[in-house]
Amino acid sequence: MRSVTGRTDHVVIVGAGLAGLSAALHLAGAGRRVTVLERADVPGGRAGLHELDGYRIDTGPTVLTMPELLDEALHAVGSSVRERLDLIPLHPAYQARFADGSALAVHTDAEAMEQEVRRLAGPREAEGYRRLRRWLTEVYRAEMHRFIDANFDSPLDLVSPELARLVALGGFGRLGPAIGRFLRDERVRRVFSFQALYAGLDPRRALALYAVISYMDTVNGVWFPRGGMHAVPTAMAQAAAGAGVEFRYGTEVTGLERSGERISAVRTAQERIPADAVVLTPDLPVVHRLLGSAPKRRLRWSPSAVVLHAGTTRDWGSAHHTISFGEAWADTFTEIIRDGRPMSDPSLLITRPTASDPSLAPEGRDLHYVLAPCPNLRTGPIDWERVGPRYRDELVGALERRGFAGFDAAIETAELVTPREWAAQGHAAGTPFSAAHTFAQTGPFRPPNLVRGMSNVVLAGSGTTPGVGVPPVLISGKLAARRITG
Ligand SMILES: Cc1cc2nc3c(=O)[nH]c(=O)nc-3n(C[C@H](O)[C@H](O)[C@H](O)COP(=O)(O)OP(=O)(O)OC[C@H]3O[C@@H](n4cnc5c(N)ncnc54)[C@H](O)[C@@H]3O)c2cc1C
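Keep in mind it's a predicted model, so treat the numbers as computed, not measured.

Student: Any details on the nonpolar core? Residues and values, ideally.
Tutor: Residues Ile13, Trp135, Phe192, Met236, Val279 and Phe407 are the most contacted members of the largest nonpolar core, which totals 140 residues. Top element by residues in this core is helix α5 (residues 123–148). It accounts for 10 residues. Residues in contact with Ile13, not counting those within four places in the same chain, are Gly20, Ala23, Ala24, Leu27, Val34, Thr35, Val36, Leu37, Val279 and Thr281. Ranked by size, the runner-up nonpolar core spans 25 residues in total, among them Ile273, Ala275, Val286 and Val451.

Here it is as structure tokens:
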């Protein structure tokens, strides 16, 4: 594995999102002096917290999977998830609701899920689920350590027994047909393939190897930290600070000082901070601006999302996570990925964090987070300032028709986040989900974490390997640290 050359005693990390925090913990654990520079006043980045009228709103991720990766980062400094967080396992992980009025509780426990699939779709489908679960587990085992949790120096690094195993498992076919080998019921199929959207892909076209995401939530499990998702970055930052990492918040990095192939210092509006090595975690356009380099190629950006945060005076007994599938499932992806139009029959992730932790809302109130995938601004240059209020009404209308009758009247406070807001935060193409995980933008083909021509700069975060989402960015921080520690 190639690594940073020369001295690496003092590492400066730009960004205190989950990637930067993971890198900080792994580097501090390896004995480096670490300084983290973050433009916001708190850690977390996209895993942010917004306090509104007594509601504590998580602004980004809501589905926490693979907490063992968090544990690994905390372990690096002698701490643990158990010591720092109260993780509530979600049973079921999701409640899936379909346009025909039927519903399926997505259990991660094999027995419970088999029973549930049998109830909805019969014994043959339940047997198919068992086989699918084994296949998902095998795909995960073949991929995780060799292809996801791995630094690549060249595509040749892919060549391995695990690659042969992945080929044998059908990982390079399409996800839709792969799931279809096990399941016949269209509704149950959706439950195991919608996760491709987390990677910015149409489940019908995504490679079957992305089934690894379905393993993470439907087999390995989904958790919720008491206090909200923002408790995760808070805990990581506290553990890192306890291990000697210096955090400077409200500090925007404006430039990098270069000396030959090395960055010798990081500049902010106020000062110059000398560095032996630098980890850059912002979105790729910011990274390119700081490095004064042009992107090597045109990237395909993931679809974006509209998020409606609503504090309500009542609840509808919904689960922590509900996936409300529209009828027009296939067309949905054509609309948002190819045509650049909002979904005409939306499929929504409706999260009610107060189902697990009522303290996130004022007494007697509830918090609903409604995420609607939508085109990014490149494929769909929609004027969200104009369209936003109308789209909000459409979303609320869909909720009212799908088991949340009276939703509009119950809203006490609300906020709508659209691609316009994501763009204003500096996210390329108005999407907070970075470069899509097409095959050409995955593994050794994704923008690498080492920068060509620079000997002491490493990237971490959504734009580089392994990719977008809480588990990948936690891994990216660890991989960046490894490039530095060797
Ligand atoms: C709405 C939404 C829903 C999501 N849902 C899920 C989910 O359910 N499950 C899941 O696993 N993932 C989810 N994700 C994805 C996941 O949240 C992200 O992939 C991950 O948090 C990104 O972390 P990061 O460290 O790469 O980037 P960021 O969190 O963006 O961190 C980068 C940091 O760098 C800082 N920064 C930028 N420029 C500078 C500068 N010049 N100087 C100093 N600091 C700078 C930023 O302020 C930021 O704090 C979701 C994301 C969003 C937005």
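Student: Give a detailed account of the packing of helix α2 (residues 67–75) against helix α16 (residues 470–485), specifying residues and quantitative values.
Tutor: Taken N-terminus to C-terminus, the directions of α2 and α16 make an angle of 25°; their axes are 9 Å apart at the nearest point. The angle between α2 and α16 falls in the class roughly parallel. Handedness of the α2/α16 crossing: left-handed. Packed against α2, whose contacting residues are Leu69, Leu70 and Glu72, the element α16 presents Pro471, Leu474, Ile475 and Lys478 at the interface. Split by residue class, the contact of α2 with α16 holds 5 nonpolar, no polar and 2 charged.

Student: Can you lay out the site of the ligand for me, pointing to particular residues and giving the numbers?
Tutor: Near the ligand, the surroundings consist of 34 residues, among which Glu38, Arg46, Val253, Gly469 and Val470 are the closest. Between the ligand and Arg46 there is a distance of 2.7 Å, counted from an oxygen atom to a side-chain nitrogen or oxygen. Burial of the ligand by the surrounding chains reaches 94%, relative to a free accessible area of 1,000 Å². Of all the elements in the fold, those that place two or more residues in the shell around the ligand are α1 (18–29), β17 (366–374) and α16. At 3 residues, the largest contribution of residues to the shell around the ligand is made by α16. Class assignment for the residues of the shell around the ligand results in 18 nonpolar, 12 polar and 4 charged.

Student: Before we move on, can you summarise unusual backbone geometry with the specific residues and values?
Tutor: In this chain, His91 is followed by Pro92 through a cis amide linkage whose omega measures 0°. For the peptide bond that leads from Thr465 to Pro466, omega is -5°, which places it in the cis range. Take Pro466: it is sitting in the loop between β19 (457–459) and α16. Phi angles above zero are rare outside glycine, and Met66 is one such case at about 55°. Mapped onto the elements of the fold, Met66 is located in the loop between β4 (55–58) and α2. Relative accessible area serves as the criterion here: at 1%, Met66 is assigned to the buried category.

Student: How would you sum up the UniProt feature "domain: Amine oxidase" (unreviewed entry) in the protein? Please name residues and give values.
Tutor: The sites that carry the UniProt feature "domain: Amine oxidase" (unreviewed entry) are, in the present numbering, residues 18–484. Helix and strand shares over residues 18–484 are 36% and 19% respectively, and the end C-alpha atoms of the span are 18 Å apart.

Student: Before we move on, can you summarise the sheet that holds strand β12 (residues 272–274) with the specific residues and values?
Tutor: Spatial ordering of the open sheet is given by β10-β11-β12, a layout of 3 strands whose pairing is antiparallel. Strand pairing shows two members of the sheet lacking a second neighbour, β10 (253–259) and β12, which therefore form its edges. With strand direction ignored, the average angle separating the axes of adjacent strands in the sheet is 30°. With 3 bridges joining them, strand β11 (residues 262–268) and β12 adopt antiparallel strand pairing. Across the sheet, the residue bridging to Val266 is Ile273, located in β12.

Student: Tell me about the environment of His145, and name the residues and values.
Tutor: In this fold, His145 is placed in helix α5. Taking relative accessible area as the criterion, His145 reaches 58% and is therefore assigned exposed. Along the primary structure His145 and Glu162 are separated by 17 residues, whereas in three dimensions their C-alpha atoms are 9.3 Å apart.

Definitions and cut-offs
- Residues numbered from 1 in each chain as written.
- Predicted model: local features only at pLDDT ≥ 70, side-chain atom pairs only at ≥ 80, totals over all residues.
- Heavy atoms only, no water.
- Core = buried A, V, L, I, M, F, W, Y, C linked by side-chain atoms within 4.5 Å.
- Buried < 20%, exposed > 50% of the residue type's maximum accessible area, 1.4 Å probe, protein only.
- Helix = DSSP H or I, 4+ residues; strand = E, 2+ residues; numbered from the N terminus.
- Contact = heavy atoms within 4.5 Å.
- Axes fitted to C-alpha atoms, helices over the stretch in contact; angles between N-to-C directions.
- Parallel < 35°, antiparallel > 145°, perpendicular 65-115°, else oblique.
- Left-handed = near helix turned anticlockwise from the far one by under 90°.
- Nonpolar A, V, L, I, M, F, W, Y, C, P; charged D, E, K, R; others polar.
- Near = heavy atom within 4 Å.
- Polar contact = N/O pair within 3.5 Å; in protein donor to acceptor, adjacent residues only side chain to side chain.
- Areas by Shrake-Rupley, 256 points an atom, 1.4 Å probe, with all protein chains shown as cover.
- UniProt positions renumbered as here; feature names shortened; annotations may be inferred.
- Pairing = 2+ DSSP bridges.

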